[in-house]
Amino acid sequence: MADLSSLKDLATTSSEAAAPVHVRKVDAQGRSYATGKRKDAVARVWVKAGSGKITINGKPYEAYFARPVLQMILQQPIVAAARSGQFDIDATVAGGGLSGQAGAVRHGISKALTYFEPGLRSVLKKGGFLTRDSRVVERKKYGKAKARRSFQFSKR
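Residues numbered from 1 in each chain as written. Predicted model: local features only at pLDDT ≥ 70, side-chain atom pairs only at ≥ 80, totals over all residues. Heavy atoms only, no water.

Q: Got a minute to help me understand the overall build of the chain in this structure?
A: Across its full length, the chain carries 5 helices and 5 strands. Its helices and strands in sequence order give the chain the pattern α-β-β-β-β-α-α-β-α-α, from N to C terminus. C-alpha extents for the chain along the principal axes are approximately 80 × 55 × 25 Å. Put simply, of all contacts in the chain between residues at least 6 apart along the chain, 67% involve residues at least 24 apart. When the accessible surface of the chain is split by element, carbon and sulfur atoms take 54% of a total near 10500 Å². (Helix = DSSP H or I, 4+ residues; strand = E, 2+ residues; numbered from the N terminus. Contact = heavy atoms within 4.5 Å. Areas by Shrake-Rupley, 256 points an atom, 1.4 Å probe, with all protein chains shown as cover.)

Q: How should helix α4 (residues 98–116) be read in this particular structure?
A: Residues spaced three or four apart along an α-helix face the same direction, because each turn holds 3.6 residues. The end-to-end C-alpha distance of α4, which contains 19 residues, comes to 26 Å, matching closely the 27 Å that a straight helix rising 1.5 Å per residue would cover. Burial within α4 is extensive, with 14 of its 19 residues counted as buried. (Expected span 1.5 Å × (residues − 1). Buried < 20%, exposed > 50% of the residue type's maximum accessible area, 1.4 Å probe, protein only.)

Q: For this particular structure, what's the right way to read the side chain of Gln101?
A: Counting through the fold element by element, Gln101 comes out in helix α4. Here Gln101 falls in the buried class, since its relative accessible area comes to 7%. The contact partners of Gln101, leaving out residues within four places of it in the chain, are Ala41, Tyr64, Phe65, Val93, Ala94, Gly95 and Gly96.

Q: Would you mind going over the sheet that holds strand β2 (residues 41–49) with me for this structure?
A: Hydrogen bonds between backbone atoms are what pair the strands of a sheet, whose relative direction is either parallel or antiparallel. The 5 strands are arranged β1-β2-β5-β3-β4 in an open sheet whose pairing can be described as mixed. The two strands at the open ends of the sheet, each matched to only one other strand, are β1 (31–38) and β4 (59–60). Inspection of the sheet shows β1 paired to β2 by 8 bridges, in the antiparallel sense. Pairing of Arg38 across the sheet is with Ala41, part of β2. (Pairing = 2+ DSSP bridges.)

Q: Which parts of the structure should I look at to understand the pattern of salt bridges?
A: A side chain of one charge can pair with a side chain of the opposite charge when the charged atoms of the two come close. Inspection of every chain in the model, using the stated rule, returns 6 salt bridges. Residues Asp133 and Arg38 are paired through a salt bridge, measuring 3.6 Å at the closest nitrogen-oxygen approach. Residue Asp133 is found in the segment after α5 (121–127), and its partner Arg38 is found in strand β1; the two are separated by 95 residues along the sequence. Its relative accessible area of 23% is what places Asp133 among the partly exposed residues. (Salt bridge = Lys/Arg side-chain N within 4 Å of Asp/Glu carboxyl O.)

Laid out in structure tokens, this is it:
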């Protein structure tokens with residue numbers, strides 16, 4: 001780095017902050033791995049080139065997530081990246097309920113797609129799929145019925 005003693009020196013230096021270069025991260029089997037999280041659910045996701053088969057905890061995703069809304073949540077990053085039927089996705093998910101698990105798998109798929117194909121990062125980032133939704137249930141407090149709800153008050 002150049003020795004900067006005044007503002008004039010700062011104007012003459014060319015300090016172009018290089019944008020971070022996202023490199024392809026693939027293992028020996030040609031898979032990219034990512035962890036997705038949502039509420040209390042944690043999903044481990046592997047993405048590899050294939051025919052579009054999605055497996056969750058050893059079951060087809062239609063059988064694991066029976067509700068169409070949850071299936072749609074799972075498909076969102078793939079549809080946004082316009083890569084339907086091009087990747088085989090294998091995921092294991094634990095913790096939380098079905099809604100949190102679907103969100104965790106979606107987050108994991110998005111991250112794994114960016115590791116497999118770094119060019120998709122901008123599309124997925126704009127869609128908000130790479131952001132970890134950090135909202136979790138607030139803990140119950142003592143002296144309260146729930147986290148914030150008080151017991152019913154009666155004057156009698």
